[in-house]
Amino acid sequence: MHIPSYFEFVNPAKLLSGEFALENIVSELRLLGASHPMVLSDRTLEKIGSVDILRQALAKGGVGFSSLFTDIPLDSSITVVNRIADIYRSFGSDSIIALGGGSVLDTAKGLRMLISQGGRDIMGYAGCETLPRGIHVPFIAIPTTSGTGSEATGVAVIKDEEKKVKLEFISPFLLPDVAVLDPRLLCSMPGRITALTGLDALTHAIEAYSCLQKNPVSQSYATAAIRLIVEYLPTAIENPKDKKARLAMADAAYIAGSAFSNSMVGIVHAIGHSLGAACSVPHGEAMTILLPSCMRYNLEYARADYSELLLHVAGDEVYAATKKEARAERTIEAVTGFIGRIKKLAPICTTLREAGVGKASFEQVARRAVNDGALIVNPRDADVSDILSILSMSY
């Protein structure tokens, strides 16, 4: 395990994980001095009843919504965040509860950023770890997918729709006060979404383990997440009502989120962000498609880390039976094989061709990717030609 000369690890969020976790939110709000939360979610979750489950859980403790906003796009938007901040202020809200996937949670982080700083336009706070604490705005995150890990990260990815680029806002003050994992909100997740979010979490863990800012704590979290994903993702897809598998995947996403929030990711995310912005490829699908090719690209620069990961990806028998010098390659084979196994269980794309990405867009994607901050901590540097090669390999 890599021992850096210096590192930092931040994970202040209190975790509520298990059945009826939602019912404990009221007591957490009281501890935080809040009683009029604005709830952010999306139209689908409102339609299928997830918002009502939350409403009923809060009502048992005598707390209602100060306001509800569900008109959140698939990719969090600068314009939407600014609009929600005006609504938050107009209703006299004193806290934020975010119920949803990555876009909803990122939108909530953007809202918290604006309210805590007293601002009107989130673009005034763009930058990496430049945000001061500001006024404390109680924030509770309730993920309904098991992949982004946004409930455990100090990162918000918010899209500038005009420029068609996804912007990263990074600060420890974006981390929620409380993260809530309740299987009641997870069992309705379709197989395809379960698969893609699970593979997104796997990518988070692998990149957190092998990037330049890895540290003993983030690597420990990463391996725990990998073991959970390999064991429980197939079950969560095949038996969607299996609460144990659903909760295990939610825990894995949270743990992987904690890992990469404290060590960052790498080239898979650098290219994936560009694919999402330029070609509208869903984030989890981009991760699924790119992970094997990017691991092959990084192989000689991350050989030691990949060798260690074989134990967690493939199990002790495969690890023991594989010669030391072949373990890194075997890890990539195991990851590729696991993705193939998941594809047999759910309709996911594993190539850019299947995802509808044409080769004509490669140049644009590559030029965007070389300027992505995630590339800075990748174990191997990459220029436009390198990224074009990875895109071709993933086609």
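Caption draft 1: Local environment of the overall build of the protein. The secondary structure content of the protein amounts to 15 helices and eight strands. The C-alpha atoms of the protein give a radius of gyration of 20 Å, which matches the 21 Å a tight globule of 395 residues would have. Seen along its three principal axes, the alpha-carbon backbone of the protein occupies a region of about 60 × 45 × 40 Å. Look at the contacts in the protein between residues 6 or more apart in sequence, and 78% of them connect residues 24 or more apart. Surface accessibility of the protein: about 15,700 Å² in total, with carbon and sulfur atoms responsible for 53%.

Caption draft 2: Region of interest: the packing of helix α9 (residues 267-279) against helix α14 (residues 362-369). It is at 8 Å that the axes of α9 and α14 come closest, and there the two elements cross at 130 degrees. Taken as axis vectors, α9 and α14 run oblique relative to one another. Crossing angle aside, the handedness with which α9 passes α14 is right-handed. Of the residues in α14, those in contact with Ala270, Ile271, Ser274, Leu275, Ala278 and Cys279 of α9 are Gln364, Val365, Arg368 and Ala369. Across the contact of α9 with α14, the residue classes break down as seven nonpolar, two polar and one charged.

Caption draft 3: Structural detail: the packing of aromatic side chains. Evaluated as defined, the whole model comprises two aromatic pairs. Arranged with centres 5.2 Å apart and planes meeting at 55 degrees, the rings of phenylalanine 9 and tyrosine 221 form a pair that is tilted. Residue phenylalanine 9 is found in the segment before β1 (14-17), and its partner tyrosine 221 is found in helix α7 (residues 216-238); the two are separated by 212 residues along the sequence. On the basis of an interplanar angle of 75 degrees and a centroid distance of 5.9 Å, the ring pair of phenylalanine 362 and tyrosine 395 is categorised as edge-to-face. Highlighted residues: phenylalanine 362 in helix α14 and tyrosine 395 in the segment after α15 (384-393), separated in sequence by 33 residues. Directly above the ring of tyrosine 319 sits arginine 327, whose terminal nitrogen or CZ lies 3.9 Å from the centroid. For the cation-ring pair, arginine 380 lies above tyrosine 297, with the distance from its terminal atom to the ring centre recorded as 3.9 Å.

Caption draft 4: Just helix α8 (residues 243-261), in detail. Here α8 contains 19 residues, and its C-alpha end-to-end distance of 27 Å stays within 8% of the 27 Å for a straight helix at 1.5 Å per residue. Burial within α8 is extensive, with 16 of its 19 residues counted as buried.

Caption draft 5: Quick look at the packing of α9 against helix α10 (residues 283-298). Look at α9 against α10: their axes get within 8 Å of each other, and the N-to-C directions meet at 140 degrees. Compared by their axis directions, α9 and α10 come out oblique. Of the two elements, α9 crosses α10, and the hand of that crossing is right-handed. In this structure, α9 contributes Ile267, Val268, His269, Ile271, Gly272, His273 and Leu275 to the contact, and α10 contributes His283, Ala286, Met287, Leu290, Leu291, Cys294, Tyr297 and Asn298.

Caption draft 6: Broad picture of the sheet that holds strand β8 (residues 178-181). One open sheet accounts for six strands, arranged β1-β8-β5-β4-β2-β3; its pairing is parallel. The open sheet has two edge strands, β1 and β3 (67-69), and neither has a second partner. Neighbour-to-neighbour, the strand axes of this sheet turn through a mean angle of 15 degrees, independent of strand direction.

Caption draft 7: Representation of the nonpolar core in the model. Ile206, Ile267, Ile271, Leu275 and Tyr306 are the most contacted members of the largest nonpolar core, which totals 79 residues. Of the residues forming this core, the biggest block, 12 residues, is contributed by α8.

Caption draft 8: Highlighting α15. Of the positions making up α15, those classed as buried are Val384, Ile387, Ile390 and Leu391. Buried residues of α15, viewed axially, fall in a sector of 120 degrees; they line one side. The inward-facing, buried residues of α15 abut α9, α10 and α14.

Caption draft 9: Structural context of the environment of phenylalanine 362. What makes phenylalanine 362 buried here is its relative accessible area of 6%. Each C-alpha atom of the pair phenylalanine 362 and leucine 388 lies 6.4 Å from the other, and the pair is 26 residues apart in sequence. Dropping the residues within four chain positions of it, phenylalanine 362 is found in contact with Leu352, Val357, Leu388, Leu391, Ser392 and Tyr395.

Caption draft 10: Representation of the environment of isoleucine 289 within the structure. Inspection of the secondary structure assignment puts isoleucine 289 in helix α10. Among the residues examined, isoleucine 289 registers a relative accessible area of 3% and is labelled buried. For the pair isoleucine 289 and methionine 393, spaced 104 residues apart in sequence, the C-alpha separation works out to 10.0 Å. Once residues within four sequence positions are removed from consideration, isoleucine 289 is found in contact with Cys349, Thr350, Thr351, Leu352, Ala355 and Ser394.

Reading guide: rules and limits
Residues numbered from 1 in each chain as written. Predicted model: local features only at pLDDT ≥ 70, side-chain atom pairs only at ≥ 80, totals over all residues. Heavy atoms only, no water. Helix = DSSP H or I, 4+ residues; strand = E, 2+ residues; numbered from the N terminus. Rg over C-alpha atoms; globule rule 2.2 N^0.38 Å. Contact = heavy atoms within 4.5 Å. Areas by Shrake-Rupley, 256 points an atom, 1.4 Å probe, with all protein chains shown as cover. Axes fitted to C-alpha atoms, helices over the stretch in contact; angles between N-to-C directions. Parallel < 35°, antiparallel > 145°, perpendicular 65-115°, else oblique. Left-handed = near helix turned anticlockwise from the far one by under 90°. Nonpolar A, V, L, I, M, F, W, Y, C, P; charged D, E, K, R; others polar. Phe/Tyr/Trp six-rings, centres within 6.5 Å; stacked < 30°, edge-to-face > 60°. Lys NZ or Arg CZ within 6 Å of the ring centre and 35° of its normal. Expected span 1.5 Å × (residues − 1). Buried < 20%, exposed > 50% of the residue type's maximum accessible area, 1.4 Å probe, protein only. Pairing = 2+ DSSP bridges. Core = buried A, V, L, I, M, F, W, Y, C linked by side-chain atoms within 4.5 Å. Arc of directions from axis to C-beta.

Treat this as a map of the structure, not an account of what it does.
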